[in-house]
Structure formats: structure tokens, C-alpha cells
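Residues per chain are reported as follows:
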Amino acid sequence: MSKINMSNSKNSPAKQFKSYNRLTLGIVLGVITFWLFAQSIVNVGPAVQHSIGITPASFNLAVSLTALFSGCFIVVAGGLADRFGRVRFTYLGFILSIIGCLCLILARGEVLFTIGRIIQGLSAACIMPSTLALVKTYYEGKDRQRALSFWSIGSWGGSGTCVLAGGAIATYLGWQWIFIISIICAVLGMLLLKGTPETKIDDPSSLPKFDYVGLFVFVITLVTLNLVITKGSTFGWTSVMTLSLATICLVFLILFFAIENRKANGAFIDFSLFKNVPYRGATLSNFLLNSVAGTLIVASTYTQQGRGFTPFENGLLTIGYLVSVLCMIRVGEKILQKVGAKKPMLLGPLITGSGIALMTLTFLPDMFYIISVLAGYILLGLGLGFYATPSIDTAIASAPEDKVGVASGIYKMASSLGGAFGVAISASTYAAVIASGQSVATAAAIGLWINVSFCLLCFISILILVPNNAGKNK
């Protein structure tokens, strides 16, 4: 692989590179190793727990740690990719994905299973910002928007397929085959990236040293917060353990802001990026809309516990989501090109929230509820499809050229952390309502209404922060 720095020159190898379709497919395969295969574990929990002898609490912790570690380290990987090469870090992400999958396949207890899930999170942290930066480097104008649409298809489409794919593979082949297929996709992705010229900052030595102290404080803050959310009911909300974790989280959060605000250069999270209003709006709304990932775990759990569905039958309910999100991503791209980013971004949370609201009607009898859920998933996919490409384009087009990796990393950190805490909050609420003596139907409705509120907050953030001319005149 040639070690060629990124350059704006028309004669640079980056500009001369023409293997766009092959690169795009390789990037998409990298994205789906996480959003399709790693996330498929959500719908096969009982099979995994029975197979490797892991408790439900340990399983849920391992599931949440994947998104958490992805979110924590995605900015690190984005910054390192800027320094040492975006292609190189995409390769590293593929390798980590393979190692993580092997850990899950070979796991016979919670330790190796948890390690595998953490490695999968680190894999996503490498792949997400690096591939977005490659799109920024090798594509321009409509070609970039097209590439971002396919990137979104891998991300949103993969997340839409994960419940169905996980249920089908686990039912007919065994859950380990989820990760065997993921390994095959990773190997194919590495082969497709072969020959892509390296791209990185022209003079990495001029960049400030990485803020490892900020990273450490940030990780402690989020891990303790995650433990409070997911284990608070187990420990007891007023127990010494829960209160201690909450105190540590608060202290480290204050410490994090104090440390980062003192740094003129090289902060773990470059808050100067948020002075750019379009970037700020895209990133905040991205966090909030990804928080509706809790919809999948609450709806899937309820249909199996409250309605007696099998994992595969539950997966079939999500087909409308898969089809609509894949179709609407390209539509969102076309709308972006015609009217700019703000209008499709606003439509996204409105339609998504309407779909989730249909799923809250848990008082309906079986047939009517099935129809309601099917319609809800279709609207969920339509909304996310409208939002995806305009949001990503707004974020990376607004980023300075020398910070595109870090900016992409922060944007995807918002995705991962939004999903992690959305799942944690929704699942914990669902469990807490059941523990209080309410029915599973009531618990599901309350858990799903939380996700509707995320959509409302997302809409407000776009309305206020994203300018009307965002995405126009590309």
C-alpha cells in the first residue's frame, strides 16, 4: 500500500484514484460488520445465554458495552486515522471485527463473550470515522452524496436487517453463524480495499499529542453512567453501590469539562467544532435520533414475552422497516440535492416518532397490534431514510479539511452513544415498570413513548440549529 498523504492537488493520487465502485462496496461491507452482524445479537439473547451459560444481566451488559466502547473510542480512532492513515485504520477495524467474532464463536462463558463484544465495539470505532473520511477524500458533490447514501444503506439498512437476520440465522443455522458470515464479509471488504491509496494529514507531526487523560476521564464517566442505568434496579436505586457510581459519574463529568476547556489544542473532544452551527445541529440530532434504537429492544422483547412470538417471527415484523429505510435513503439524497438538508432532516424525526407511536398501542388485540407494528416499522424506516444522508452530508461538509477524521469520529460517537443510552434507558424503564407490578403491555408502551420523546427532541434541535441553506449548492 502506498503511503501517500492527502492533497488537494488535482494531480494527487487521491484525486486520480478511480476505483470508486469497488471502494464503495468495501466501505459498505465494513459498516455492516457492526450494524448488521454485531447488532444481530439483540434478537438472539435466549439462544446465546443457553448455549454459553451466561446470565441475562451479564448478556445485557455485554451488549451495551459494544456500543459504549464504540462511542468512547471512535474519536480516538478518527484522530489516529487522520495521523496514520484512513485506509490503514479501516483495515485495522476489519481485523478487530474478525477477532471479536472469533471470541464470540469460541466463548463458553461470560468472560470471552464480553471481551469479544468489546473488541467489536473497538472495530466499529476504527471503521466508522475512517470510512467517512475516505468518502470525504475520494468523492465530491453528487458522487459524495451517492457514496454517503450507500454508507447509510450499510448503517441504517444493517440496523434494520439485524433483528430479522439474527432471528433467521439463529433459528435455521445456529447463532454462531451470524459471526461466521461477518468474518466472510470482513475478509471480502479487506480485499476490495486493496490498492486504495493511503490518505492522511500532510504533516501529522504538527498535530498536538492525543489527550489520553481526557479519554480516560470520559470512559470512566460513561461506563459508570451506563452501570447506573442498566444495573441500578439490580443494585437498588438507593443502595451504596448505585449512589457511589452516580457520584463517580458526576465528579468525572465535571472533571472532564474542566480538563477539556483548559486545552487550547489536542483536546479529546474538540469543542471548537461545535462553533459550526450546521455541524452542531447534525451531531446533536444524530445522537437523539439514534436513541430510538431502544425501540427495537423494547418492541422485540414485548412481542416475544407478551405476545408469544419466536425470534424469527418477531424479525418478520421488521421487514417493512428494512425495505422503507433502504428505499428512502436514496430519496433523502435526491431531496437533499433539490431543497437542501433541513427539510428532509425535519421530516425524519416526525415520521419516525409517528411510527413508534403506533407501536405503543399495546392494548390492541393480536391481529390489530400486528398491523400497527408493521405500519410502525415502515414509518420508522421512512423517517430514518429521510434523515440519514442529509445529516451525514451536513456534518462532514461543514468540517474543516484537517479535522475531518475527528469530526467524523465525533459524529459517529453521537450515533453509538445515542444508541447505547437509548437502549439502556428504554430497556431499564421496561424492566422497572414490570418490577413495579405493571403488565408487560404497560411497560412496553411506556418504554416506547420514551423513544417518541427522543424524536420530538431531535425535531426541536434541527429546527433551532440547522440553518435553512444547509446542504444547498453543493
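If you're wondering where the values come from, they're calculated on a predicted model, not measured in any experiment.

Caption draft 1: Spatial organisation of the overall build of the protein. Within the protein one finds 18 helices and zero strands. The C-alpha atoms of the protein give a radius of gyration of 21 Å, which matches the 23 Å a tight globule of 474 residues would have. With the principal axes as the frame, the protein shows a C-alpha extent of 65 × 45 × 45 Å. Counting across all 474 residues of the protein, residues that qualify as buried make up 58%.

Caption draft 2: Molecular detail of the pattern of salt bridges. Under the defined criterion, the tally for this structure stands at two salt bridges. One salt bridge connects Arg88 with Glu198, and the closest N-O pair in it is separated by 3.8 Å. Within this pair, whereas Arg88 is found in helix H5 (residues 86-106), its partner Glu198 is found in the loop between helix H8 (176-193) and helix H9 (212-235), the two being separated by 110 residues in sequence. Here Arg88 falls in the partly exposed class, since its relative accessible area comes to 32%. Overall, Glu198 belongs to the buried group, its relative accessible area being 1%. A salt bridge links Arg307 to Asp366; the shortest N-O distance between them is 2.7 Å. Of this pair, Arg307 sits in the loop between helix H12 (294-305) and helix H13 (311-316) while Asp366 sits in helix H16 (residues 366-398), and the two are 59 residues apart along the sequence. Taking the relative accessible area as the measure of exposure, Arg307 reaches 16% and is therefore buried.

Caption draft 3: Representation of the domain arrangement of the protein. Domain annotation for the protein reports domain 1 (19-197) and domain 2 (270-465). Distance from the C-alpha centre of domain 1 to the C-alpha centre of domain 2: 19 Å. Listed by partner, the interface residues are 41 residues for domain 1 and 45 residues for domain 2. For the pair domain 1 and domain 2, the two sides together bury roughly 3700 Å², of which 70% comes from carbon and sulfur.

Caption draft 4: Expanded view of empty space enclosed by the protein. Inspection of every chain in the model, using the stated rule, returns two cavities of 30 Å³ or more. In this structure, the largest cavity occupies an estimated 440 Å³ of space. Looking at the lining of the largest cavity, the elements that each hand over two or more residues are helix H2 (20-37), helix H4 (56-84), helix H7 (141-172), helix H11 (277-290), H12, H16 and helix H17 (404-435).

Caption draft 5: Summary view of the packing of H5 against H8. The interhelical angle for the contact between H5 and H8, taken along N-to-C directions, is 160°, at an axis separation of 9 Å. Comparing their axes, H8 and H5 come out roughly antiparallel. Between H5 and H8 lies a crossing whose hand is left-handed. Note on element contacts: H8 touches H5 through Gln176, Phe179, Ile180, Ser182, Ile183, Cys185, Ala186, Val187, Gly189, Met190 and Leu193, opposite Thr90, Tyr91, Phe94, Ile95, Ser97, Ile98, Cys101, Leu102, Leu104 and Ile105. Classifying every residue of the contact of H5 with H8 gives 16 nonpolar, five polar and no charged.

Caption draft 6: Looking closely at the packing of H9 against helix H10 (residues 240-262). Taken N-terminus to C-terminus, the directions of H9 and H10 make an angle of 155°; their axes are 8 Å apart at the nearest point. In terms of their interaxial angle, H9 and H10 are classed as roughly antiparallel. You can see that H9 and H10 cross each other, and the crossing is left-handed. When its residues are assigned to classes, the contact of H9 with H10 shows 19 nonpolar, five polar and one charged.

Caption draft 7: Structural detail: the nonpolar core. Membership of the largest hydrophobic core comes to 128 residues, with the highest contact counts inside it found for Phe113, Phe218, Phe268 and Tyr377. Per element, the largest residue contribution to this core is 13 residues, and it comes from H4. Residues from two domains meet in this core; each of domain 1 (19-197) and domain 2 (270-465) gives at least three. Ignoring anything within four residues of it in the chain, the contact list for Tyr377 reads Leu296, Ala299, Leu317, Thr318, Gly320, Tyr321, Ser324 and Met359.

Caption draft 8: Expanded view of the side chain of Thr352. Along the polypeptide, Thr352 turns up in helix H15 (residues 342-359). Apart from the residues within four sequence positions on either side, Thr352 is in contact with Leu289, Val292, Leu379, Leu380, Gly383, Leu384 and Cys455.

Parameters at a glance
Residues numbered from 1 in each chain as written. Predicted model: local features only at pLDDT ≥ 70, side-chain atom pairs only at ≥ 80, totals over all residues. Heavy atoms only, no water. Helix = DSSP H or I, 4+ residues; strand = E, 2+ residues; numbered from the N terminus. Rg over C-alpha atoms; globule rule 2.2 N^0.38 Å. Buried < 20%, exposed > 50% of the residue type's maximum accessible area, 1.4 Å probe, protein only. Salt bridge = Lys/Arg side-chain N within 4 Å of Asp/Glu carboxyl O. Domains from an automatic or database assignment. Contact = heavy atoms within 4.5 Å. Buried area = accessible area lost by both parts, 1.4 Å probe. 1 Å grid on protein atoms, 1.4 Å probe; cavity = no way out; pocket = protein on both sides within 12 Å on 5 of 7 lines; lining within 4 Å. Points joined across faces, edges and corners; volume = space filled by probe spheres on them. Axes fitted to C-alpha atoms, helices over the stretch in contact; angles between N-to-C directions. Parallel < 35°, antiparallel > 145°, perpendicular 65-115°, else oblique. Left-handed = near helix turned anticlockwise from the far one by under 90°. Nonpolar A, V, L, I, M, F, W, Y, C, P; charged D, E, K, R; others polar. Core = buried A, V, L, I, M, F, W, Y, C linked by side-chain atoms within 4.5 Å.

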